[in-house]
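Observations on chain architecture
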Amino acid sequence: MGMSVPQCLGQLHIRKGVVGLATGAGFIYLLYKAIKAGIKCQPPLCTTSPICIARECTGPGERALPQEAPAPEASGVGGPKGLAIERERHGRDSGELRRLLNSLECKQDEYAKSMILHSITRCVYLLEAEASACTTDDIALVGSMLDDKDNSVKIQALNTLKAFSGIRKFRLKVQEHSIKVLELISSIWDSELHIAGLRLLNNLPLPDYVHPQLRRVMPALMEILQSDYILAQVQAIQLLSYLAQKYDLLYDILNCQVHANFLNLFQSTQPGSLLFEVLVFAERLSEGRNSPHYRAVKWHYNEQSLHEALFGDESRLADRLLALVIHPEEEVQIQACKVIVSLQCSQDVGVRPSVCQPSRSYFNSGE
């Protein structure tokens, strides 16, 4: 145990019973043949089935080829001529993305559809010209996968739609699926689906006609924010921060019910990325409630609302913010100071709307 190959051969050489074999040319030749056979051993070529089209099943950097197709020759730039990305670099359409979309139209099982969608996403990011040549019918085809019964297919479809949303001419078509995405996020409790759906929504401008659905899903968004999955929390808070800038949605956000321990999101033990986004959210809410339009109406909030947790008379937000002023991450410190200034202004607006007066403070005089 633990000996190298030369040491093993040395041991064989020492043992008298195998001296003839160990030192003989026959043994060396057989050893050479065994090593060579092991190196040359490769899995069989993939077929043209959808799953094989959708995944790489040859060596690193090579895409599976039909069995009858010869292996591509090495190009002068260090890769096979047959690679789709290499073909596009030389102005040739590989047809890879079109083949995948055609395969998606055929009846497939959930596993195959998930793999095909995953590969379509990669192609959209890597093969810019081929992705731009797609049509709105292709977007509709991918969008139809959101109705699949399997969550993994839904997740891959969301990722593919996000990839297409990066192409300007498809943004409006992808936007048409916003209501469906909101429905999925609010009706299925799956962290991976939440992340994929929220990433898509955060990559799109949400039109006004989506606002009624946003009001309905606000409790679900707040629940995701208060979950224990950091990636989903960050995506949820980014969307809520964006919506907090919409006057007609501000009250729905502030009156949304939250857990009694909501301010735990402001604890210094939270990841810096989440803390920063939570502080941005708090600043935008504070600015929104101080706007003349919002202050012109006398709003009523329920006792467990976000408004009461952050801005109510019994809120302990001030304590959390003061602790964050000495946070190790500078961007968290700066953002905490911005929220403090915004809250100070909110108290003084009640006296002189145009000026933030230092005589009154949101914080206790002892602090």
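About the thresholds
- Residues numbered from 1 in each chain as written.
- Predicted model: local features only at pLDDT ≥ 70, side-chain atom pairs only at ≥ 80, totals over all residues.
- Heavy atoms only, no water.
- Helix = DSSP H or I, 4+ residues; strand = E, 2+ residues; numbered from the N terminus.
- Buried < 20%, exposed > 50% of the residue type's maximum accessible area, 1.4 Å probe, protein only.
- Contact = heavy atoms within 4.5 Å.
- Arc of directions from axis to C-beta.
- Core = buried A, V, L, I, M, F, W, Y, C linked by side-chain atoms within 4.5 Å.
- Axes fitted to C-alpha atoms, helices over the stretch in contact; angles between N-to-C directions.
- Parallel < 35°, antiparallel > 145°, perpendicular 65-115°, else oblique.
- Left-handed = near helix turned anticlockwise from the far one by under 90°.
- Phe/Tyr/Trp six-rings, centres within 6.5 Å; stacked < 30°, edge-to-face > 60°.
- Lys NZ or Arg CZ within 6 Å of the ring centre and 35° of its normal.
- Nonpolar A, V, L, I, M, F, W, Y, C, P; charged D, E, K, R; others polar.
- Salt bridge = Lys/Arg side-chain N within 4 Å of Asp/Glu carboxyl O.
- Disulfide = S-S within 2.5 Å.
- pLDDT = per-residue confidence, 0-100.
- Polar contact = N/O pair within 3.5 Å; in protein donor to acceptor, adjacent residues only side chain to side chain.

**Notes on the overall build of the protein chain**
The number of helices and strands found in the protein chain is 21 helices and 0 strands. Classification of the 367 residues of the protein chain by burial places 44% in the buried group. In the protein chain, once contacts between residues fewer than 6 apart in sequence are set aside, the share between residues at least 24 apart is 66%.

**Some words on the side chain of Ser 305**
Within the element layout of this structure, Ser 305 appears in the loop between helix H18 (292–295) and helix H19 (306–311). Excluding residues within four positions of it along the chain, Ser 305 makes contact with Leu 254, Asn 255, Cys 256, Gln 257 and Val 258.

**Some details on helix H12 (residues 178–187)**
Among the residues of H12, those classed as buried are Ser 178, Val 181, Leu 182, Leu 184 and Ile 185. Along the axis of H12, the buried positions cluster into a sector of 160 degrees, meaning they face one direction only. As for H12, its buried residues are in contact with helix H10 (151–165), helix H11 (171–175), helix H13 (191–202) and helix H14 (211–225).

**Overview of the nonpolar core**
Counting residues in each nonpolar core, the largest one holds 87 residues, and the members touching the most others are Phe 164, Phe 262, Phe 266 and Leu 285. Leaving out residues up to four positions away in the same chain, Leu 285 has contacts with Ala 244, Leu 250, Ile 253, Leu 254, Leu 306, Leu 310 and Phe 311.

**Looking at helix H6 (residues 96–105)**
Looking only at H6, the buried set comprises Glu 96, Leu 97, Leu 100, Leu 101, Ser 103 and Leu 104. Buried residues of H6, viewed axially, fall in a sector of 160 degrees; they line one side.

**A short note on the packing of helix H15 (residues 230–243) against helix H17 (residues 272–289)**
Between H15 and H17, whose axes approach to 9 Å, the crossing angle comes to 20 degrees. Viewed along their axes, H15 and H17 adopt a mutual orientation that is roughly parallel. As for the relative orientation of H15 and H17, their crossing is left-handed in sense. On H17, the residues touching Ile 230, Gln 233, Val 234, Ile 237, Gln 238, Leu 240, Ser 241 and Tyr 242 of H15 are Ser 273, Leu 274, Glu 277, Val 278, Val 280, Phe 281 and Arg 284.

**Looking at the environment of Pro 271**
Here Pro 271 is to be found in the loop between helix H16 (247–254) and H17. Overall, the relative accessible area of 31% leaves Pro 271 in the partly exposed class. Sequence-wise, Pro 271 and Ile 230 are 41 residues apart; in three dimensions their C-alpha atoms are separated by 8.1 Å.

**Looking at the packing of aromatic side chains**
This model, assessed by the stated rule, comprises 4 aromatic pairs. A centroid spacing of 5.6 Å and a plane angle of 90 degrees characterise the contact between Phe 164 and Phe 170, whose relative ring orientation is edge-to-face. On the basis of relative accessibility, which here comes to 1%, the residue Phe 170 falls in the buried class. Put simply, the rings of Tyr 251, Tyr 294, Trp 299 and Tyr 301 pair up and form one aromatic cluster. Here the basic side chain of Arg 289 rests over the ring of Phe 311, its NZ or CZ set 4.3 Å away from the ring centre.

**Comments concerning the packing of H16 against H17**
Between H16 and H17, the shortest axis-to-axis distance is 11 Å and the interhelical angle comes to 115 degrees. Crossing angle aside, the handedness with which H16 passes H17 is left-handed. Contact with H16, carried on its side by Leu 250, Ile 253 and Leu 254, involves Phe 281, Leu 285, Gly 288 and Arg 289 of H17 and no other residues of that element. Here the contact of H16 with H17 is composed, by residue class, of 5 nonpolar, 1 polar and 1 charged.

**Considerations on the pattern of salt bridges**
Inspection of every chain in the model, using the stated rule, returns 9 salt bridges. Between Lys 173 and Glu 176 there is a salt bridge; the shortest N-O distance is 3.3 Å. Since its relative accessible area comes to 23%, Lys 173 is described here as partly exposed. Between Asp 248 and Arg 215 there is a salt bridge, with its nearest N and O atoms 3.5 Å apart. One end of the pair, Asp 248, is in helix H16; the other, Arg 215, is in helix H14, and 33 residues separate them in sequence. Residues joined by salt bridges that share partners form a network here, namely Asp 147, Lys 180 and Glu 183.

**Structural notes on the state of the cysteines**
For the structure on display, the rule yields 0 disulfides. Summary of cysteine pairing: Cys 134 is not part of a disulfide, and the nearest cysteine sulfur, belonging to Cys 123, is at 9.4 Å. Overall, the relative accessible area of 4% leaves Cys 134 in the buried class.

**Section: the confidence of the model for the protein chain**
Per-residue confidence for the protein chain averages 80 on the pLDDT scale, and 69% of its residues sit at or above 70. Every residue in residues 351–362 is under pLDDT 50, and counting partners more than four places away or in other chains gives 22 contacts.

**Description of the side chain of Ser 178**
Its location among the elements puts Ser 178 in helix H12. Ser 178 sits in the buried class, given a relative accessible area of 1%. Among the polar contacts made by the side chain of Ser 178, one reaches the main-chain carbonyl oxygen of Gln 175 at a distance of 2.7 Å. Beyond its immediate stretch of four places on either side in the chain, Ser 178 contacts Leu 201, Leu 204, Leu 206 and Val 210.

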